[in-house]
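The primary structure of each chain is shown beneath.
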Amino acid sequence: TRRIRTRDLLAAKERGERWAMLTAYDQYTAAIFDRSGIPVLLVGDSAANNVFGYETTVPVTVDELLPLVRAVVRATRHTLVVGDLPFGSYEEGPTQALRTAVRFMKEGGCHAVKLEGGRNRAAQIAAITDAGIPVLAHIGFTPQREHTIGGYRVQGRGDAAEEVLADARAVAEAGAFAVVLEMVPGVVAKRVTNELPVPTIGIGAGPETDAQVLVWQDMAGLRTGKAPRFVKRYADLAAVLTDATRRFAAEVRDGEFPAAEHTF
Ligand code: KIV
Ligand code: NA
């Protein structure tokens, strides 16, 4: 079996087949997702929150993300790996955007890049795709703009639906192979999905998109505390790991570990 290609995702849309995408930032999880039939993995700039412990995605750099991209690519055989361009690495214009995308492809070894923005980033998307690099667009709520947007807020309610549609059309026209729709009303995501020739990937965008993406630590319950409404936890990894850690610590304290079979 070979790597998934962007044209496979387009064919899936034409067949009406839905698929799931996850973030990944390290080799063991990436290998599990690869073997579990996830066709696309995103090395998200959400590594800022989920790996590096920053409060927003704003501080994370290209140099911090590239080693994670390399790890995920090395650990996978089937998935298409998308590298997420961080804040500050593409906004200046098409030249800066292409330079950063080329670094992700050459140094990260990924198969596509993602960036946030709609009409305002169409020139960047066109320049990168023109160079032969597939681009995943990301519209609706865009976390890199959270200081402007004023927090995590649903985008495209009421009349603003037309803004989301205009962004979707613009990124598809510019050559994006797919579009992430984050935190938009389900009815808006449905309209975009029906209208666009390329796949839509929803997160907090209802059930009508062509695909769904979640941050893996949210999906698997490694992140604790209140999750956004759009998250579903399929496991409680935080509880599993807490229990294992406590038992390890207790057995060391009690002199139960290591036992004879662990000893040379
Ligand atoms: O960085 C990220 O995790 C993302 C996805 C949730 C779409 O951009
Ligand atoms: Na992101």
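Residues numbered from 1 in each chain as written. Chains lettered and ligands numbered in written order. Predicted model: local features only at pLDDT ≥ 70, side-chain atom pairs only at ≥ 80, totals over all residues.

On to the pairing of strand 2 (residues 40-43), then. Each regular strand shows side chains that alternate between the opposite faces of the sheet. Side chains of strand 2 alternate between two faces, with Val40 and Leu42 and Leu41 and Val43 buried alike. A crossover links strand 1 (residues 19-23) with its parallel partner strand 2, the connecting element being helix 2 (residues 27-35), and its sense is right-handed. (Buried ≥ 20, exposed ≤ 12 C-beta atoms within 10 Å, placed from the backbone. Helix = DSSP H or I, 4+ residues; strand = E, 2+ residues; numbered from the N terminus. Right-handed = clockwise from strand over helix to strand, strands pointing away.)

The subject of this paragraph is the UniProt feature "binding site: 3-methyl-2-oxobutanoate" (unreviewed entry) in the protein. When the UniProt feature table is mapped onto this chain numbering, "binding site: 3-methyl-2-oxobutanoate" (unreviewed entry) sits at Asp45, Ser46, Asp84 and Lys114. With the annotated positions falling across 70 residues, the maximum pairwise C-alpha distance of 12.2 Å places them together in a single cluster. According to the C-beta neighbour criterion, Asp45 is buried, with 30 such atoms within 10 Å. Here Lys114 lies in strand 4 (residues 112-116). Judged by C-beta crowding, with 25 C-beta atoms within 10 Å, Lys114 ranks as buried. (UniProt positions renumbered as here; feature names shortened; annotations may be inferred.)

The next subject is the packing of helix 6 (residues 122-130) against helix 8 (residues 161-174). At a minimum axis separation of 8 Å, helix 6 and helix 8 run at an interaxial angle of 25°. In terms of axis orientation, helix 6 runs roughly parallel to helix 8. Seen from above, helix 6 lies across helix 8 with right-handed handedness. Listed contacts from helix 8 to Ala122, Ile125 and Ala126 of helix 6 are Ala170, Val171 and Ala174. Considering only residue class, the contact of helix 6 with helix 8 consists of six nonpolar, no polar and no charged. (Axes fitted to C-alpha atoms, helices over the stretch in contact; angles between N-to-C directions. Parallel < 35°, antiparallel > 145°, perpendicular 65-115°, else oblique. Left-handed = near helix turned anticlockwise from the far one by under 90°. Contact = placed C-beta atoms within 7 Å. Nonpolar A, V, L, I, M, F, W, Y, C, P; charged D, E, K, R; others polar.)

For the rest of this paragraph, the subject is the pairing of strand 1. Sheet topology note: the strand 1/strand 8 (residues 211-214) ladder contains four bridges and is parallel. Residue pairing across strands places Met21 opposite Val213, the latter belonging to strand 8. Relative to strand 2, strand 1 runs parallel, the two being bridged by three bridges. Its bridge partner being in strand 2, Thr23 is matched across the sheet by Leu42. (Pairing = 2+ DSSP bridges.)

Every residue near ligand 1 is listed here: Thr23, Leu42, Gly44, Asp45, Ser46, Asp84, His138, Val180, Ile203, Val213 and Val215. Here the residues of the shell around ligand 1 are counted per class, giving five nonpolar, four polar and two charged. (Near = placed C-beta within 6 Å.)

Moving on, we come to the nonpolar core. When a protein is soluble and globular, its nonpolar side chains tend to lie buried together. In terms of nonpolar packing, the biggest core is built from 72 residues, with Val43, Val72, Ala176 and Val179 touching the most fellow members. In terms of residues, this core owes the most to one element, helix 4 (residues 62-75), which gives seven residues. In contact with Val179, not counting residues within four places along its chain, are Ala137, Ile139, Ala168, Val171, Ala172, Leu196, Val198, Thr200 and Ile201. (Core = buried A, V, L, I, M, F, W, Y, C linked by C-beta atoms within 7 Å.)

Turning our eyes to something else, we now look at the domain arrangement of the protein. Here the domain parsing of the protein yields domain 1 (6-233) and domain 2 (235-264). For domain 1 and domain 2, the distance between their C-alpha centres works out to 38 Å. The interface is formed by five residues belonging to domain 1 together with four residues belonging to domain 2. (Domains from an automatic or database assignment.)

A separate point is the sheet that holds strand 5 (residues 135-140). By way of backbone hydrogen bonds, the strands of a sheet pair with one another, either parallel or antiparallel. One closed barrel holds the eight strands; their spatial order is 1-2-3-4-5-6-7-8, and the pairing between them is parallel. Taking the axes of each pair of neighbouring strands and ignoring which way they run, one obtains an average angle of 25° across the sheet. Two elements, strand 5 and strand 6 (residues 178-182), share five bridges in a ladder whose sense is parallel. Counted as the bridge partner of His138 is Val180 from strand 6. Packing against the sheet, helix 6 makes contact with strand 4 and strand 5, and its axis sits at approximately 165° to strand 5.

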